[in-house]
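Residue-level listing of the chains:
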Amino acid sequence: QVQLVESGGGLVQAGGSLRLSCAASGRTFSINSMGWFRQAPGKVGEFVGGISRSGGSTSYADSVKGRFTISRDNAKNTVYLQMNSPRLGDTAVYYCAARYGTLVYGLAGDYDYWGQGTQVTVSS
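None of these values were measured; they are calculated from a predicted model. (Residues numbered from 1 in each chain as written. Predicted model: local features only at pLDDT ≥ 70, side-chain atom pairs only at ≥ 80, totals over all residues. Heavy atoms only, no water.)

A. Expanded view of the pairing of strand E11 (residues 118–123). Residue alternation in E11 divides its side chains into a buried set, Thr118, Val120 and Val122, and an unburied set, Gln119, Thr121 and Ser123. As judged from the four bridges shared by strand E2 (residues 10–13) and E11, these two strands associate in the parallel manner. Residue Val12 lies in a different strand from E11, and its bridge partner there is Val122. Where strand E9 (residues 92–98) and E11 come together, three bridges link them in antiparallel fashion. The partner of Ala92 across the bridge, within E11, is Val120. (Buried < 20%, exposed > 50% of the residue type's maximum accessible area, 1.4 Å probe, protein only. Helix = DSSP H or I, 4+ residues; strand = E, 2+ residues; numbered from the N terminus. Pairing = 2+ DSSP bridges.)

B. How the structure looks around the state of the cysteines. Scanning all chains against the criterion turns up one disulfide. Across the disulfide, Cys22 is cross-linked to Cys96 (sulfur-sulfur distance 2.1 Å). Where Cys22 bonds to Cys96 through sulfur, the torsion about that S-S bond is close to -80°, and the disulfide is left-handed. Here Cys22 is found in strand E3 (residues 17–26), whereas its partner Cys96 is found in strand E9, with 74 residues between them in sequence. Assessed through its relative accessible area of 0%, Cys96 is described here as buried. (Disulfide = S-S within 2.5 Å.)

See below:
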């Protein structure tokens, strides 16, 4: 019913900036909250941040709070992850996710749709 496609990943220098995008298609009106997760090779996935449909409510992992910002443009059916001052530990595959529910959750099992992921590599 819903397809999510991430873009904007790549190589970024530590202390620089990078902006990820996630475009939704299909039954986009069924989507409410959206989130970003990441997974480094050989490690479990972890929650990065989430945002409500209106953008009025956001939630971030402690490790990225104050550095990353989630936003969305519903007219374009797109959610963004602005990564400022990335660190080496931020290197991972980043996944966009969406859910029917309105609450912002930090558990992967609470989301209904997932993108294919985009690689982010932070260099020193």
